[in-house]
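Tertiary structure, described
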Amino acid sequence: MSSVTNSTGSFFNRSLAQMADLRDGIERTRTQIATGRKFERGSQDPAGAAQLRSIDRRAALAAVEGDNAARLGQDLGAAATEVEAVTALLQRARELAVQAANTATGADGRQAIAFELAQLSQELFSRANSTSLTGEPLFAGQSSGLAFSRDAAGTVTYIGTPESGAVPVAPGTAIERGLPGSEVFTFNLNGSPSSAFAVLDGLVAALQGGAPDPVAAAKSALEGIDAALDTAGRATAILGTRMAWVEQVEAQQADRKIARAERRSRVGDTDIADAIARLQQSLTALEATQSAFARVSSLKLFDALR
Amino acid sequence: MPTAIFTIGRSGLTASRRSLELTAQNIANATNPDYTRRTLTQGELVMTGSIGTNAADSLGGVRPGAIKRAESALVQRQARDASSAVAAAEAEFFALREAESALETSGLFTGIVGFEAALNKLQSNPTEPALRVTAVEAGRKLASNFRVANGTLANARSLVQGEASAEVLTVNELAKELAEINADLVGAREGTAGRAALLDARDKALRGLAEQFGIQPTINANGTADVMLAGTPPVALVTGATAQAVSVTFAANGTANFAVGATGFVPAGGAMAGRASALTDMANVQAGLDGIAVSVVAIANAAQAAGVGLDGTPGQPLFAGTGAADITVVLASANGLATAPAGAPAGSTNTANLAALITALSAPTGPASGADSLLIGLSSRVSALETRSEGLAIVSASAEAELLRETGVDLDTEAANLIRMQQAFEANSRVIQVAAELFDTILGLR
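Residues numbered from 1 in each chain as written. Chains lettered and ligands numbered in written order. Predicted model: local features only at pLDDT ≥ 70, side-chain atom pairs only at ≥ 80, totals over all residues.

Moving on to the pairing of strand β1 (residues 38-51) of chain B. Each regular strand displays side chains that alternate between the two surfaces of the sheet. Residues and elements named next belong to chain B. Among the 14 residues in β1, 1 count as buried, and that is only a small part of the element. Where β1 meets strand β2 (residues 54-69), 12 bridges bridge the pair, whose relative direction is antiparallel. Bridge pairing in β2 places S50 opposite A55. Between β1 and the antiparallel strand that follows it, β2, lie 2 residues; G52 among them carries a positive phi value of about 60°. (Buried ≥ 20, exposed ≤ 12 C-beta atoms within 10 Å, placed from the backbone. Helix = DSSP H or I, 4+ residues; strand = E, 2+ residues; numbered from the N terminus. Pairing = 2+ DSSP bridges.)

Spelled out as structure tokens, the structure:
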């Protein structure tokens, strides 16, 4: 007798496998809801996992770029503040030079003016060597030492580098860190290199009796002070433009951050509404399967025979 | 011949009682997965004697015949082949999933990104000690990520190797068992319960072997089974009453080599083939991981050599190591990070050399994309294996169901048999009663 039968073992195996499948699906959906993540392992969605990795990498680098931009903004702001103070200082020096050029101002008056100008020159020197919040020189270019040095004879020279270097703040975008002191304090006067320090110190020396005609010296110094003011004004404009650029980059970074978060959520986050609906569906199916199993498995001939 | 009725009734009683016993045996083994449904054959017993042309029949009742096992060679083979295939896919899937988790949880990719990010941050102020230390520490973390990945991968590998070694012992036990069954089968008489039990044990051993290795069994006329292991080349495992020993050894890169006796072979199916394939994949992943570690060492050290540190002296190597196992940070001080190009003075904030390092690290051929493609390659493989083993599991389950349908016990049928045999038993008792009454009637004649 080789009739084909409906084996009891086969029925139980089949029912158990079906229920295990449903239970497995429910467990997976539950994990998705609990963790908020669509997949736990890369192999559940290799392409999605690769996208998530790339988004996470971009996010990590963008966070650093954001920090870099904020810091660059601070440094540029500090430099701009210093340059504004330098401009005010040079304007005061110009007023003093105009007074000194006035013949009505006597020798004593010129002495007083020379004294104040000497103070201003000191302040200018210290402002030129000022540092950022973290102690880095603002105008030394890529050097971490002083920007300007004064030798024994009182001559001030720029000892920083002519470039200030750039900081990357976005993919493909690098903004200059600041302005080297050579572009803020030195200029060409009538075809020869000069600096704000040389102009002020020269005027002080002339007013203190170094020049036979202090009035003429003061008059000619006005030209140098104007050139220094022009240079400082240009520096303010450049720094202002860069600060605006940084702000623009920061705004873009904020926008990109939102776009990235949306994309990350689309790729890797659980759609809660969908997941809960699926969970409910699977639960209903499991309950139905279980009660059907209980009913069918009790339908044995042995139960009918008493 | 009134006594003939007694004999007929008694033979009927014997036959139905033995059938009842067999039904009870079937019911008792309803949940035994290795049990094959048995039936009892019966034959009519007629004696014919003839003298000259006078023939006379004498009815003798029924003769209980042989115990038949539901024959199932074809479905047995289907179920074996299907379970071989699913075992191969599942073994490889589980092994590689371990490797995948090992790489993913080691944080290798985030380590590389962290190092890149720390270097990027250093660009904002290359002379700040805190940022320098952070960059070197990010490098140290990356090195430790490599070592963790290496360790967890080695762990996953040794789990698979341990499993293979342990299962080889099971295979040898099964082969020995099968050889003993073969020896016993030669002597077992056809149609006995003992022979049916031996055949059940034979099929069980074959199924056990098929899970571990793809097998090509030959069932001989006397019921014994000779087993060849499928592979290159195919090798004989069990021939008659002799079984060869299977052994496994592991190469330096972790890949497995199998041998039967002294003959090496590459298994072509079963869990062992899956494990062998997983070990080969793991060796490739290990090579990829080592390659990325070596490229990180090379890129960082080349950049160091091309630049100068904070003190203006040429940069010294940042990493040392020949692979993921031994990569370490060897730079003594964070000031030694060569952020500035060669020729820059001490304390320079020039970041040209640092920028070159960052570019090399994030290049399409750099370690970040290397780690990404290693991960995506592995997880795609695992994903494909999962799909494959799910599909094969369905095939295997239906082959198993088919086998159970052919050979399993159906309780409804057995319950019906129980009633049928009980009625037959009662009817035969009644025949004896009638015979007795007939006898009494004859004896009571006056």
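To continue, consider the sheet that holds strand β4 (residues 225-229) of chain B. All names here are of chain B. Judged by pairing direction, the sheet is antiparallel, and its 4 strands sit side by side in the order β3-β4-β6-β7 without closing on themselves. Only two strands of the sheet have a single neighbouring strand rather than two, namely β3 (215-219) and β7 (242-243). Bridge analysis of strand β6 (residues 235-239) against β7 gives 2 bridges, and the strand direction is antiparallel. By the bridge assignment, T239 is partnered in β7 with T242. Strand contacts of helix α5 (residues 193-212): β3 and β4, with the helix running at about 160° to β3, the strand carrying the most contacts. (Contact = placed C-beta atoms within 7 Å. Axes fitted to C-alpha atoms, helices over the stretch in contact; angles between N-to-C directions.)

Let us now look at the confidence of the model for chain B. Confidence in the prediction for chain B averages 91 pLDDT; 100% of positions are at 70 or higher. The ipTM assigned to the predicted complex is 0.78, against a pTM of 0.81. (pLDDT = per-residue confidence, 0-100.)

Residue and element names in this part refer to chain A. Interhelical geometry of helix α3 (residues 107-128) versus helix α5 (residues 196-210) gives an angle of 160° and a closest axis separation of 9 Å. Here α3 is positioned roughly antiparallel relative to α5, judged by the angle of their axes. The interaxial crossing formed by α3 with α5 has left-handed handedness. Residue-level inspection shows R110, I113, A114, L117, A118, L120, S121, L124 and F125 of α3 in contact with α5, the latter providing A196, F197, L200, D201, L203, V204, L207 and Q208. For the contact of α3 with α5, the class distribution of residues is 13 nonpolar, 2 polar and 2 charged. (Parallel < 35°, antiparallel > 145°, perpendicular 65-115°, else oblique. Left-handed = near helix turned anticlockwise from the far one by under 90°. Nonpolar A, V, L, I, M, F, W, Y, C, P; charged D, E, K, R; others polar.)

Each side of the interface is counted separately: chain B has 50 residues, and chain A has 41 residues. Listed by contribution, the elements that provide at least two residues to the side of chain B that touches chain A are α2 (73-105), α3 (108-124), α8 (367-407) and α9 (411-443) of chain B. Per-element tally for the side of chain B that touches chain A: the top contributor is α8(B), with 15 residues. The residue makeup of the side of chain B that touches chain A, split by class, is 17 nonpolar, 19 polar and 14 charged.

Before going further, it helps to spend a moment on the pairing of strand β4 (residues 173-176) of chain A. Residues and elements named next belong to chain A. In this sheet, β4 lies alongside strand β3 (residues 166-170) in antiparallel orientation, the contact comprising 4 bridges. Bridge pairing in β4 places V167 opposite I175. Taking the residues between adjacent antiparallel strands as the criterion, β3 and β4 are bridged by 2 residues, where G172 takes a positive phi near 85°.

Another aspect to go through is the nonpolar core. General note: in soluble globular proteins, nonpolar side chains tend to be found buried as a group. Residue and element names in this part refer to chain B. Counting residues in hydrophobic clusters, the biggest one holds 106 residues, and the most contacted among them are A99, L153, A175, L178, L209 and L237. Looking at which element gives the most residues to this core, the answer is helix α4 (residues 129-187), with 19 residues. Apart from the residues within four sequence positions on either side, L153 is in contact with A99, A102, L103, M282, V285, Q286 and L289. (Core = buried A, V, L, I, M, F, W, Y, C linked by C-beta atoms within 7 Å.)

With that settled, consider unusual backbone geometry. With an omega of -15°, the peptide bond between B:T232 and B:P233 qualifies as cis. Checked against the element boundaries, B:P233 lands in the loop between β5 (231-232) and β6. In this model, A:N190 sits at a positive phi of 50°, which is unusual for a non-glycine residue. With respect to the helices, strands and loops of the structure, A:N190 is situated in the loop between β5 (186-189) and β6 (192-195). A tally of 9 C-beta atoms within 10 Å means that A:N190 is categorised as exposed.

This paragraph deals with the sheet that holds strand β9 (residues 256-260) of chain B. Residue and element names in this part refer to chain B. The strand order β5-β10-β9-β8 describes an open sheet built from 4 strands, whose pairing is antiparallel. Edge positions in the sheet fall to β5 and β8 (246-250), since each has one partner strand and no second. In this structure, β5 lies alongside strand β10 (residues 263-267), joined through 2 bridges in antiparallel fashion. Note that in β10 the partner of G231 across the bridge is P267.

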